[in-house]
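Architecture and fold: a report
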Amino acid sequence: MTDMKEADMDGARLELTVDAVANGGWCVARHEGRVVFVRHALPGERVVAEVTEETARFLRADAVEILEPSPDRVTPPCPFAGPGRCGGCDWQHASLEAQRRLKADVVAEQFQRLAGLDLKVVVEEVPGAEDGLGWRTRVRFAVDRDGTAGLRRHRSHEIEHVTECLIAHPAVEEVGAERLAWPGAASVEVVAASGGDRAVIVEPVPHRRAAIPDVDAAAVLLDEGRRGTRALRGRASLTERVGERDFRVTASGFWQVHPGAAEALLGAVLDFGRPEPGEWALDLYCGAGLFAAGLAEAVGPEGAVLGIESESQAAQDARFNLRDLPQAQVERGRVEEALDRLRIERADLVVADPPRAGLGRPVVERVAGLEASRVVYVSCDPATLARDVAWFGQKGYRLEDLRAFDQYPMTHHVECVALLVRD
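Notes on the structure follow. (Residues numbered from 1 in each chain as written. Predicted model: local features only at pLDDT ≥ 70, side-chain atom pairs only at ≥ 80, totals over all residues. Heavy atoms only, no water.)

**Thoughts on the environment of Phe-247**
With respect to the secondary-structure elements, Phe-247 resides in strand E16 (residues 245–250). A relative accessible area of 3% places Phe-247 in the buried class. Contacts of Phe-247, omitting those with residues within four sequence positions, involve Leu-238, Thr-239, Glu-240, Val-242, Trp-255, Ala-288, Gly-289, Leu-290, Ala-293 and Asn-321. (Helix = DSSP H or I, 4+ residues; strand = E, 2+ residues; numbered from the N terminus. Buried < 20%, exposed > 50% of the residue type's maximum accessible area, 1.4 Å probe, protein only. Contact = heavy atoms within 4.5 Å.)

Now the structure itself:
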């Protein structure tokens, strides 16, 4: 291929041999000593890659021609996947088995690099998406100036107009948001709850009124930004079912998007945490109360569970969902602030499910100071999880076990549950 000056690499085409997978849906290659992060490639392949971004330290590129394919390469099932197309999926070109191996490699690499731990990781299939498609129960579509809905391209504000999303749950696709007109809308989110409810949440363009078409959903809500979400039709909450228990969840709030994820994670948390009757447990970042409910049932009326959640509506949902379990209480606030305000100095068991940014050092130190015999850490980001596990190690905790779940097939995302115990 023709060499390009370092200052003029954008758009250049490079012939590269692809090396290992990297966090974020990339693989690593090198060109004249510089690291190149390549999408749409697989380890071991020889590709022609087009540079899409240049920084002082590395290049980003898309594999636009596969010269020597990996045996793990498949034809993407989605016609909108590929270089320059929809950015919602990272691994449509890899078999499901290969995707899980790649995710396992990423988790292991993050723990080795950030925590100094050598792990053998297996990424488990989550029931409910055997072919890796039709699992996403919450999809947010961007809307262009013409009112046409689509999905963002990778690292771009540009919209890929799609006729369907193959990873969307069938109940989401039944709404047909991609095929309807949404004048005046900035985005449209479709949510299909496991209890059978379905909601559409419309975010209007600032200073414009969105014209909402007739949609096949029990609830239609308007996202008014700082003023919150207002129901135009139906209820502002949905029902999610896990086992024999129903959970009320605000339609615009957080719930696991894979239909089998909540049950799989709850099972992993209880298996690792081993809550016993009479114990005192904390559920940090408790959301709508999924883990708190399981913990409360396990510790029984002679035990106690405290859930802490900073988001107002989620805390209200959690209180509603735990109303039949008097041993469980929910406190609204930031974790470290609430623990200090309530003067919580000890616990038998701590469960934490923080956002992607992880716990961070101050919360790790505060949790470690509770001297719980077990800490169960649920994470959607292996990098921040590994970082926090290293900090727990400095406070006398070691990683006892780890499970990883393929909750997001076709994407680079992976969910982990870690068990930390006191030495």
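**Overview of the sheet that holds strand E5 (residues 46–54)**
The strand order across the open sheet built from 6 strands is E1-E5-E6-E4-E3-E2, with neighbouring strands paired in mixed fashion. Each edge of the open sheet carries a strand with a single partner, namely strand E1 (13–17) and strand E2 (21–22). Bridge count for strand E4 (residues 34–39) against strand E6 (residues 58–68) is 5 bridges, and the pairing is parallel. Paired with Phe-37 across the strands is Arg-60, a residue of E6. (Pairing = 2+ DSSP bridges.)

**What to know about the side chain of Glu-240**
With respect to the secondary-structure elements, Glu-240 resides in strand E15 (residues 237–242). Buried within the structure, Glu-240 lacks any salt-bridge partner; its nearest side chain of opposite charge belongs to Arg-138, at an N-O separation of 6.1 Å. A polar side-chain atom of Glu-240 sits 2.8 Å from a polar atom in the side chain of Ser-194. Discounting chain neighbours no more than four positions away, the residues touching Glu-240 are Ala-193, Ser-194, Gly-195, Arg-245, Asp-246, Phe-247, Val-249 and Trp-255. (Lys, Arg positive; Asp, Glu negative; His and termini not counted. Salt bridge = Lys/Arg side-chain N within 4 Å of Asp/Glu carboxyl O. Polar contact = N/O pair within 3.5 Å; in protein donor to acceptor, adjacent residues only side chain to side chain.)

**Side note on the packing of helix H1 (residues 96–115) against helix H8 (residues 382–394)**
In contact at an axis separation of 8 Å, H1 and H8 are set at 35° when each is read in the N-to-C sense. The hand of the H1/H8 crossing is right-handed. Here H1 contributes Val-106, Val-107, Gln-110, Phe-111, Leu-114 and Ala-115 to the contact with H8, which in turn contributes Pro-382, Ala-383, Leu-385, Ala-386, Arg-387, Val-389 and Ala-390. Counted by class, the contact of H1 with H8 contains 11 nonpolar, 1 polar and 1 charged residues. (Axes fitted to C-alpha atoms, helices over the stretch in contact; angles between N-to-C directions. Left-handed = near helix turned anticlockwise from the far one by under 90°. Nonpolar A, V, L, I, M, F, W, Y, C, P; charged D, E, K, R; others polar.)

**Looking at the pattern of salt bridges**
Overall, the coordinates contain 39 salt bridges when judged by the stated rule. Taking the shortest distance from any N to any O, the salt bridge between Glu-189 and Arg-140 comes out at 3.7 Å. Residue Glu-189 is found in strand E11 (residues 185–192), and its partner Arg-140 is found in strand E8 (residues 138–143); the two are separated by 49 residues along the sequence. The class of Glu-189 is buried, set by a relative accessible area of 12%. Looking at Arg-140, the relative accessible area reads 45%, which means it is partly exposed. The residue Glu-224 makes a salt bridge to Arg-230 at a minimum N-O spacing of 3.1 Å. Residue Glu-224 is classed as partly exposed on the basis of its relative accessible area, which comes to 22%.

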